[in-house]
Structures are given as C-alpha cells and as structure tokens.
Amino acid sequence: MRINNDEYSIAIDDFLLRMESIPSETHPDTQLALDKLGQLLHIALAKLDFYDTPLEERKNNGNSHIMYRNGDPDMSRFFQQREMTGVGNVVIYTIYSQIGCDPWSDEELEKLRVLVKTIFVFHGRIRTMRLAEFLTFYDKELKIHNLTYFMKHTGQIITQGRIGDFAAAFFNLSNFSAVNQQLGRERGTEIMLSFIQQLAADFTEDEIVCRVGGDNFVTLFLKSHLDYVMNHFKGIEINLPDATRSKVVVSAAAGYYMIPADCKTSTDIMDCISAASNIARNLSKESFVFYDEQLKQRVTESKIIQDLFPEAIRKQEFQVYYQPKVDISKNRIIGSEALCRWFHDGTMIMPGRFIPILEQSKAICALDFYMLEHVCMDIQKWLKEGLPVVKVSVNLSRCHFGDMNLLQDILDIIDKYSVPHEYIEIELTETTTDVSFRDLKRIVYGLQKQGISTAIDDFGIGYSSLNLLRELPWDILKIDRSFLAEKPEAPEQNHVMLKHIIAMAQEMGIQCIVEGVESPDQVKLLKENNCYYVQGFLFDKPLTRDVYESRLSRLSK
Ligand code: C2E
Ligand code: MG
Ligand code: MG
C-alpha cells in the first residue's frame, strides 16, 4: 500500500509537535502523539521494553510499557528495533500491525524505522533532562530532595502568596556520628532515611524534607503540622534494618521559623532557620529554638562579635587573667588557670559572651593560641625575674580537634619562649562524638609524651565521662562546680556524686581539683573527702597579670 506523502508529512509534524512536550517515556499523551502516524501505518500496538543492561535483557528482567494501542494487533506481524543508550541500557521497540492489513511495504518499514529512531531520540532527551533534574534537585545518596530544591519550592510558594500558612525548620540528627560508628555507615544511612521518610509520611504535596548535607536537613511544612513535626524531632524509635528486632531512638535538634505572610525570599527563611538551629545545637539547653525577636538580637550580637574579632586580636584587646589554684592543706598556690578577658571600647567582656560565638567558627582556635602565647611570654618574663613560677593551665576549645598540626603548634609556641614543659597544663573538655574522641586521644597522649600535663575540664556535666577517664592518661580531673551545689530538695543526695567522683579518680591515680569553691563549708566538705586542690572565689577571683605577679612574689617569702 502506498502512503500519501501529504498526509504523512502532516502526521509527522503532528507527532513531532506533540512529542516535544511529553515529560516521560510512559506519559499517556504518547498515544495522542502517535495517533495520525499510527493510523497511516496501520499500527495496532507499539510498546517498549527497557532493560538496565544487556545482561538483564538476557534474563528478561526489564520494564514493559505500551505507548500506543489502536484495535487488535496481529501478533504474528511486527516490526522490532533494538536500541542502546549511551550508558548501556537496552530499549526494544516493538510495533504490531493491525489484523487484516497488507504486510508493510519496504517504504512503510523504512518509515517505521525512522519513527522508532525518532521516539528513541525523544526518550533519550527525556532521560537526560531527568538526570539533569536529579543532579540539580536531589541528594545522590539518599535520593531525596536537596537544598536547591528547597529554595526553589519555597520560592514558588512565596510567589503564590501562600507562605504564611507554612513553617520551616533546619534540623540536625543528634549524635548521629555515634550511630554511624556503631552500626556502620550503610545502616546509618538507612536509619537516617527511615527517620526522614516517617517524617514525610503524612506530608501533603507542598510539604517537603530536603537534605542540606551530612546529617543536616531542612523542612517546609504547614503550621498546622507543627506539633507533629516537633514530636518527631523529640525522638522516634526506628527498627534496625535486617536485625534482631532491636531499635534505635533517633532525635534531632531543630531551629524553627513560623514564616510570616509577608516573607519575601527563600534566602530569608534559610537565614532564620539556620541561625535558630545553630543556637539549638550549640548554645541552648533545649534541642529546639524558635526564631523570634530575641533570637534576632542574639544573631546580630553574634555577627558583631565575629566581625570585631580579627581586628580585636590584632590590637591585642584580649588579656590573660590568672585564677590561682590552691592546696587547702597548706593554704598555698599550686598553680593557676589562664582565663580570657576582652577589653573593647573601655568595657570588659566576659568569655561567656564571646567564647561560644567564636566556637561556631575556627576563630576560637586563634584565640586559644593567642592565650597560650601570652601565658608563655609571661612565664618567660617571671622566670627571668626569678619569681617562683607555678604551673599555668590554658583552655583549649574542642574546635581544635581534627587539626592534625595541633600538637606541633602547641609545642612550637611553648618552645619559642623556652618555657619548660612542666609549667604548662592544657585543659580540655569532654567530647561526645567518636571522631573527636580519637583526636582527643591523640592529643592527650602526645602532650603527655612531651611532659605537658592535661586536665579534663568541667568533668561530670557532659557525656561519656567514664570512658574518657578510663581510656586517656589524664593528669588532672577538674570537677565542675555544679557538684558543690546544695540540693535542699534532696539533702540525703547532697554531694554523694562528688564523693564518688573524688574516690574514683583517686583510685585511678588521677589528681582532683574542684572548681567554684565559694564557702568555708565547701572547703570542709572537700577536706573530709581527701580532696585538697581547689579553685574558687573563696580564695581568689581571676586576677590581672600584675596582681597575680605580686601574689607569686609573695610565695617566695
Ligand atoms: P572554665 O574553664 O571552667 O573556667 C572556670 C570558670 O569558672 C571561670 O569563668 C572562672 O572565673 C569561674 N569561676 C572560678 N571560680 C569560681 C567560683 O568560685 N564561683 C563561680 N561562680 N565561678 C567561678 P570565666 O573566666 O567566666 O570563663 C568561663 C569559661 O570560658 C571557662 O570555663 C572556659 O570554658 C571559657 N574560657 C575562658 N577563657 C578561655 C580561653 O582562653 N579559651 C577557651 N577555649 N575557653 C576559655
Ligand atoms: Mg578551664
Ligand atoms: Mg571548668
């Protein structure tokens, strides 16, 4: 049968035009696109079989999809073409003739060949677009949306004028590196995905959860779902994949923002939730924080401090204050702690206001080295002047962990001023993650090898304390001052913990010092428990260098 060329070119135009806007290989509009050509070429059925690889093709393990159907096919008369994509997928197109028609002529077969090739090219383009979209908007590991998608999606909702119905949160899974460490990364990822999928289970189409990276995520949800989301983040039980009916509890620290209707951009939303989440993770006792006016002020202050810091350190606005440590059995200074004070525009700023902010970036590391250097300069001077120098402890933030040069940098500073190592002690705080635990171990052992003593600071208020004590060769245990507090509501429990910690440390051969001693009663209590080293306002507040110097000179008398 001959084909009318005019009809054919109209049919081809129609086909090309319609295929142009088809978004997927399986879209029902393919039927419409093939309609005119299908009739001209008396096609009854056009299908495609997709195999990931030739091996899957041999195993006949693929997906089949019918693109076009018109009447009953003659199953004995078909045209088949096998195509391979650039990445090795196999696509087999099969076209069946209608029952009772003449066999396809050579000209018709050639047209079928061109038709299949054209469909294959369109499908290739769809696959490329899908891949491009996947790479742009999806997280490759979890195969959920990413931050770029969050920005695009919230932007659309803002444009539609519906953003006032929504809230957003930036959340970080709590202690997730410990989960990864214990169960392996692969199972960790499955658990993470399960936590996300359960959160999104009841979400509507407009509500989304997107991965920012690592164990950080953002979510946009309806304000009416706030309780549900907050409950989820408080912690849910997740069954361990494969195993033994065991479960882990996964929770998250989150920063929330109840988005106002006049919010202009998705960047504003992102700024608010990341600021709130930062505070929820680092500075807040609670594991959630809402962005509000007060927080806005904190963020502004935090930004001011971060901006002022580089100039302040250059201008040496930071000063070392020394707080003596006392042996109460002899009433004698046995050491001191170097504490930082910032003098800016004539006012003294206490470390509580700036250290946690500097700890959000690496700025704290520069400050710690600055403090160590000034302490070493002072000790060098005192030694030259013949003062009876005692050991000075310097605080080192946990932000240094992971810095492979840390040990060498510490030694370089101490040796630059020829300070004998026995005059320096480094105070470190407890750590929760396994990665930083490894770093901590490396540093404590390294310092010990160099004759620099190490103290574990604020002992008892963090986590993993026992492990930390057992596994590292600490010289000093600094017991947090909260253990001295009277508990009127439970007098029989008063100081029980304190007694046990002191006894335990002594058994392990670690020297104890108690921080925050403010009253003679507390001194009496410590003496009763054979703990003689203390640091506290009862003896001295942190002193300026000059006052401390005169304290030292009195020691020799
Ligand atoms: P910390 O290392 O535990 O230092 C002890 C803190 O307790 C000091 O507060 C000290 O003034 C205070 N303190 C000592 N005795 C008493 C007492 O009897 N009663 C009360 N209520 N408080 C007492 P400060 O100087 O405000 O420092 C606070 C924290 O800031 C320090 O706690 C330390 O974690 C951090 N810090 C201070 N200087 C530095 C530094 O140079 N580098 C780093 N990384 N952190 C520092
Ligand atoms: Mg300290
Ligand atoms: Mg302390």
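Structure's up top.
What you see is a predicted model; the values in this text were computed from it and never measured.

1. Quick word on the coordination of the magnesium ion (ligand 2)
Move 1: For the magnesium ion (ligand 2), every protein donor is listed as Glu337 (OE), Asn395 (OD1), Glu427 (OE) and Asp457 (OD), and the spread of their distances is 2.1 to 2.2 Å.
Move 2: Expressed as a motif, the donor residue spacing for the magnesium ion (ligand 2) is E-x57-N-x31-E-x29-D.
Move 3: A spacing of 3.9 Å is found between the magnesium ion (ligand 2) and the magnesium ion (ligand 3), which share Asp457 as a donor. Within this pair, whereas Glu337 is found in strand β13 (residues 332-344), its partner Asp457 is found in strand β17 (residues 453-459), the two being separated by 120 residues in sequence. Both residues of the pair, Glu337 and Asp457, count as buried.

2. A closer look at the layout of surface pockets
Move 1: In this structure, the second largest pocket occupies an estimated 460 Å³ of space.
Move 2: Elements supplying a minimum of two residues to the lining of the second largest pocket: β1 (43-51), β2 (63-69) and α5 (106-137).
Move 3: Sort the elements by how many residues they give to the lining of the second largest pocket and α5 lands first, with 7 residues.
Move 4: The residue makeup of the lining of the second largest pocket, split by class, is 6 nonpolar, 9 polar and 3 charged.

3. Some words on the sheet that holds β1
Move 1: Taken in spatial order, the 4 strands line up as β2-β1-β4-β3 in an open sheet, and their pairing is antiparallel. Two strands in the sheet have a free side with no partner beyond their single neighbour: β2 and β3 (73-84). When strand polarity is set aside, the average angle formed by the axes of neighbouring strands in this sheet is 20 degrees.
Move 2: Here β1 pairs with β2 via 6 bridges, running antiparallel. Within β2, the position partnered with Leu48 by the bridge is His65.

4. Digging into the site of ligand 1
Move 1: Near ligand 1 there are 24 residues, and of these Glu337, Arg341, Asp368, Glu518 and Phe537 occur at the shortest range.
Move 2: Take Gln323: an N or O atom from its side chain is 3.0 Å from a nitrogen atom of ligand 1.
Move 3: Within the side chain of Asp368, one N or O atom sits 2.7 Å away from a nitrogen atom of ligand 1.
Move 4: The protein chains hide 84% of the 800 Å² of surface that ligand 1 would expose on its own.
Move 5: Breaking the shell around ligand 1 down by element, the ones donating at least two residues are β13, α12 (351-358), α13 (363-385) and β17.
Move 6: Split by residue class, the shell around ligand 1 holds 10 nonpolar, 5 polar and 9 charged.

Analysis parameters
- Residues numbered from 1 in each chain as written.
- Chains lettered and ligands numbered in written order.
- Predicted model: local features only at pLDDT ≥ 70, side-chain atom pairs only at ≥ 80, totals over all residues.
- Heavy atoms only, no water.
- Donors = N, O, S within 2.8 Å, 3.2 Å for Na, K, Ca; no water.
- Helix = DSSP H or I, 4+ residues; strand = E, 2+ residues; numbered from the N terminus.
- Buried < 20%, exposed > 50% of the residue type's maximum accessible area, 1.4 Å probe, protein only.
- 1 Å grid on protein atoms, 1.4 Å probe; cavity = no way out; pocket = protein on both sides within 12 Å on 5 of 7 lines; lining within 4 Å.
- Points joined across faces, edges and corners; volume = space filled by probe spheres on them.
- Nonpolar A, V, L, I, M, F, W, Y, C, P; charged D, E, K, R; others polar.
- Pairing = 2+ DSSP bridges.
- Axes fitted to C-alpha atoms, helices over the stretch in contact; angles between N-to-C directions.
- Near = heavy atom within 4 Å.
- Polar contact = N/O pair within 3.5 Å; in protein donor to acceptor, adjacent residues only side chain to side chain.
- Areas by Shrake-Rupley, 256 points an atom, 1.4 Å probe, with all protein chains shown as cover.

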